[in-house]
Amino acid sequence: MTKYISFERPDGTSSFGRLDGDTVLDLGEPGADAWLRDALAGDLAALAVTGTFARGDVTLLPVVPNPEKILCVGLNYATHVAETGREQKEHPAIFTRWADSLIADGEALVRPPESVRFDYEGELAVIIGKPGRRIAPEDAWDHVAGYAPFNDGSIRDWQRHNIQFTPGKTWPGTGGFGPAMVLPADVADLASQRVQTRVNGELVQDQPISDMIWDIPTVIAYCSTFTDLKPGDVIASGTPGGVGDKRKPPLYLKAGDTVEISIGVIGTLSNPVVDEA
């Protein structure tokens, strides 16, 4: 399975490359920042290796550290719609995150002092490779570069201030994205992959991607109607039921917890939780 990662080199510059066991094959120009999103529209397999590093000598970054857009699908599993008490609508609910809210695999999720209701949301992230506008559902897969686990970490206190989602969804250090991008060709049956979330080892979310209300082609077609999708854009495709806010009693994240998001062969994202200093 081919895995692409973004990372910081030992010299402090940012780059991207392929992960080969414990070896990182650098695909960026040496000595300068290089970004995965800038290479996604081309042939990743044709890129020359410009350097190698031991995995332990680089620092992981979010899979795409600087996406132009992060589009998030709300209420995309019937179990989550039911636990929120909301009504299923005719169209998907779409909201956004900022890129500076993202952290890498292994990095700490940060609970701000303004919150006592920090929640997890395990999701499949779809990374756009080929740009497009008004993409037909039957053409949508041609625009997908790959997949990665995503944690749409949510500050529920602020999400509930009014009817909008944004104030609770984009706090710095609250969104996990990683560890790597897996190519569609390496995921034989995407629909059967299960979105599983564990908090301190306890399974709290577990549902197959096939249970989505709006599948990936539908979401890509919908989003590309109102905005241009560009290489490196990220679509967080929605979370299953089982979020901490709706459990009885509620299960909110606190310092010392560990959250793991596993999506079958796509991989596992793991992040500890800390309080903001």
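Residues numbered from 1 in each chain as written. Predicted model: local features only at pLDDT ≥ 70, side-chain atom pairs only at ≥ 80, totals over all residues. Heavy atoms only, no water.

Novice: An account of the nonpolar core is needed here, citing residue identities and associated values.
Specialist: By size, the foremost hydrophobic cluster in this structure holds 25 residues, and its most contacted members are Leu-124, Tyr-147, Ile-209, Ile-220, Ile-235 and Ile-266. Sorting the residues of this core by element identifies β6 (70–74), β11 (122–128), β12 (144–152) and α4 (216–226) as the ones contributing at least two each. Per element, the largest residue contribution to this core is four residues, and it comes from α4. Phe-16, Ala-145, Phe-165 and Val-234 belong to the second largest nonpolar core, which has 24 residues in total. (Core = buried A, V, L, I, M, F, W, Y, C linked by side-chain atoms within 4.5 Å. Buried < 20%, exposed > 50% of the residue type's maximum accessible area, 1.4 Å probe, protein only. Helix = DSSP H or I, 4+ residues; strand = E, 2+ residues; numbered from the N terminus.)

Novice: Help me get a handle on the pairing of strand β19 (residues 258–263), residues and values and all.
Specialist: Note: strand β16 (residues 194–199) against β19, five bridges, orientation antiparallel. Looking at the pairing, Thr-197 lines up with Ile-261 of β19. Two strands pair when backbone bridges link them, and β19 and strand β20 (residues 267–275) are joined in this way by six bridges, in the antiparallel orientation. Bridge assignment links Val-259 to a residue of β20, and that residue is Asn-271. Hairpin geometry of β19 and β20 is characterised by an intervening segment of three residues between the two adjacent antiparallel strands and by a positive phi of about 45 degrees at Gly-264. (Pairing = 2+ DSSP bridges.)

Novice: Just give me the short version of α4, but keep the residues and values in it.
Specialist: Three or four residues apart is the spacing at which side chains of an α-helix point the same way, because the helix has 3.6 residues per turn. Of all the residues in α4, the buried ones are Ile-216, Pro-217, Val-219, Ile-220, Ala-221, Cys-223 and Ser-224. Structurally, α4 contributes buried residues whose contacts are with β6, β7 (93–97), β11, β12 and β18 (234–236). (Contact = heavy atoms within 4.5 Å.)

Novice: Talk me through unusual backbone geometry; I want residue IDs and the actual numbers.
Specialist: The amide bond that connects Gly-178 to the next residue, Pro-179, takes the cis arrangement and shows omega of 5 degrees. Along the chain, the position of Pro-179 falls in the loop between β14 (175–177) and β15 (181–182). Here the amide bond leading from Lys-248 into Pro-249 is cis, since omega sits at 0 degrees, within 30 degrees of zero. Mapping Pro-249 onto the fold places it in the loop between β18 and β19. One non-glycine residue, Leu-75, adopts positive backbone phi at about 55 degrees. Relative to the elements of secondary structure, Leu-75 occurs in the loop between β6 and α1 (78–84). Of the residues examined, Leu-75 reaches a relative accessible area of 15% and is grouped as buried. For Arg-134, which is not glycine, the phi dihedral falls at a positive 50 degrees. Relative to the helices and strands, Arg-134 is located in the loop between β11 and β12. Taking the relative accessible area as the measure of exposure, Arg-134 reaches 58% and is therefore exposed.

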